[in-house]
Structures are given as structure tokens and as C-alpha cells.
Amino acid sequence: MTHSYTIMPTIDATGKLLSPLFIVMQEISGDFGPLVKKDLFTAPNIYVTASRSRKMMKDHLKTWLEEVYFPHVGDRTVLVIDSWLTYKNQALLNNATPEGREVQVVTVPAKTTSLCQPLDVYGFRMWKDFARKIWDWVLQDDVKCEMHLRNSVLKLQSLVHNQFSSPRFRDMWKVDLINQLIRCLFCWKRMSAFIQSISAFKIK
């Protein structure tokens, strides 16, 4: 059996890759069965959940906010996310925000993801290339490991996240953001709302 999945890395403005990495696995029932849960690979740097489509739904966003985002950021933050419909649920965001915390959501305009979203523009290319090298090494050296299985996928993503969490990669993630801003010059009209949202959020 092969497994589709979605990963959601969280990176702050200093280029730090936060932990854990949020992973949504595709499961027919939308959840892990008791036997799967018993043998499911776990690691401190990954948080694993499931859905029927392997896409993030409202419950997954709430879990990500509560278990991944808020525990690892400051009291007042700006959250830059894409225009996926699930992310636009303001009521969910308000309910998941702890008392005394404040988050300003800035949404990358629709149809500009490939131009302006940092991970899509640059970061995921590095991530996928690193994972592909591990796949190639397994095949080349005939390592007895079935990479398509659920636990192998989780081990692979845990390893990639671990490596890219090194301080030596912080400049890479910051370049990712710079690349985004440069590309935004080519879609200025669509980015106007994005820039106005950032300008409206003033640090007290």
C-alpha cells in the first residue's frame, strides 16, 4: 500500500524551522485504526494526523494551531499562509488562539502561490531533492527498506526535517523569503491587498 500525505513545515522570520513538522496522512477512514496506531512510528520532531483526502481540514488546522504554532511562537505574531479555504476560517482561529495571545493573519492572494509563497517558490524544491537523494541511496545500495510504507514515509520526513532544522540552513530559508518578495514585483496588483494587510499591523 502506498500513502499520500501532506507536510506543513513552519518557519519563522529568522529562518528557523520550527518543530514539530505537521504531517497529514491519507487514510481511507479518515483516521488511524487501533492496530496502525499501535505500530505507528513516532518521533519528537513530527506530529502525525490523518484525513480521507490527506489535505488539511478545519480540525487539522485547529490541531496545528494548538499543538505546533502557538506553543513555539511569541505572544504577538504575523502568520503568512496561502489562500486555501480552510485557512480563512476566522472563527476557528479566534477559538484556537490562547488568551493573551495575538496573531495577525496575512493571506497570499489566490492564484499567486507559485510566484509568492516561499515554500512553493524555493523551499520545497530543496526538501524534495533531499528526500529524493535518500530514495536513490536506498535503491542504489539495495537497502532492505520499503519506502512506500506508512512508517517509512514518516521516518523519511522526520529525517529531512531534522537535517533542515540545523542552524546552517537558516540563511536558505531567509533567501526563500527574499525570493518571494522579488517575485511579488511581477504580480503587484494581486499583492496589493497582501501588502496593505502587513502595513496595517503595527507592533505596539
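Presented here is an overview of the structure given in this document. Keep in mind that what you see is a predicted model, and the values were worked out from it rather than measured. By convention here, each chain's residues receive numbers from 1 onward along its written sequence. Confidence filtering applies because this is a predicted model: local features only for residues at pLDDT of at least 70, side-chain atom pairs given and counted only at 80 or more, and all residues used for totals across whole chains, interfaces and linings. The side-chain values count all of the structure's non-hydrogen atoms but skip hydrogen atoms and water molecules.

**Considerations on helix α6 (residues 150–164)**
Each α-helix turn comprises 3.6 residues. Residues three or four places apart therefore point the same way. Just so we agree on the cut-off: Runs of E in the DSSP output that reach at least two residues are strands. Runs of H or I that reach at least four are helices, and both are numbered from the N terminus. A helix is expected to span 1.5 Å multiplied by its residue count minus one. Relative accessibility under 20% of the residue-type maximum defines a buried residue, over 50% an exposed one, and the middle range a partly exposed one, all with a 1.4 Å probe and only protein chains included.
An ideal rise of 1.5 Å per residue puts 21 Å on 15 residues; α6 measures up with 21 Å between its terminal C-alpha atoms. Of all the residues in α6, the buried ones are R150, S152, V153, L154, L156, Q157, S158, V160, H161 and F164.

**Notes on the nonpolar core**
The criterion, for reference: The criterion is simple. A nonpolar core is a set of buried Ala, Val, Leu, Ile, Met, Phe, Trp, Tyr and Cys residues joined through side-chain atoms within 4.5 Å. Any two residues whose heavy atoms approach within 4.5 Å are treated as being in contact.
Counting residues in hydrophobic clusters, the biggest one holds 26 residues, and the most contacted among them are I23, W127, V160, F164 and W173. Listed by contribution, the elements that provide at least two residues to this core are β2 (21–26), β3 (46–51), α5 (118–140), α6 and α7 (170–184). Residue contributions to this core peak at eight residues, all from α5. When near neighbours in sequence (up to four residues on either side) are disregarded, W127 contacts I7, P9, L17, L21, Q157, V160, H161, F164 and W173. Grouped together as the second largest cluster of nonpolar side chains are 17 residues, V24, W64, L79 and Y87 included.

**Re the pattern of salt bridges**
Formally: Between Lys or Arg on one side and Asp or Glu on the other, a salt bridge is scored when a side-chain nitrogen of the former is within 4 Å of a carboxyl oxygen of the latter.
One pass over the full model with this rule turns up six salt bridges. Residue D142 pairs with K144 through a salt bridge whose shortest N-O separation is 3.6 Å. The same class applies to D142 as to K144, namely exposed. The salt bridge partner of D171 is K174, with a shortest N-O separation of 3.6 Å. Placement of both D171 and K174 in helix α7 is noted, with a separation of three residues, approximately one turn of the helix.

**Quick word on helix α2 (residues 58–69)**
Short version of the rule: When we speak of the arc, we mean the arc of directions from the helix axis to the C-beta atoms.
Taken together, the buried positions of α2 are H60, L61, W64, L65, V68 and Y69. The arc that holds every buried residue of α2, seen down its axis, measures 140 degrees, which confines them to one face. Those residues of α2 hidden inside the fold are in contact with β1 (5–8), β2, β3, β4 (76–81), α3 (90–96) and β5 (102–107).

**Quick notes on the environment of V105**
Its place among the elements puts V105 in strand β5. The exposure class assigned to V105 is partly exposed, which follows from its relative accessible area of 21%. The spacing of V105 and T77 is 28 residues in sequence and 8.6 Å in space, taken between C-alpha atoms. In this structure V105 touches L79, I81 and L93, once residues within four positions along its chain are discounted.

**Structural notes on the pairing of β3**
Definition in use: Pairing between strands is defined by DSSP: at least two bridges between the two strands are required.
Pairing between β2 and β3: six bridges, direction parallel. Looking across to β3, one finds that I23 is bridged to V48.

**A word on the pairing of β2**
Remark: a regular strand shows side chains that alternate across the two faces of the sheet. The line we're drawing: Every crossover in which the path from the first strand over the helix to the second runs clockwise, viewed with the strands pointing away from the viewer, is termed right-handed.
The buried count for β2 comes to five of six residues, which makes it a mostly enclosed element. Note: β1 against β2, four bridges, orientation antiparallel. Pairing of M8 across the sheet is with F22, part of β2. The parallel pair β2 and β3, bridged by helix α1 (residues 34–39), forms a crossover whose chirality is right-handed.

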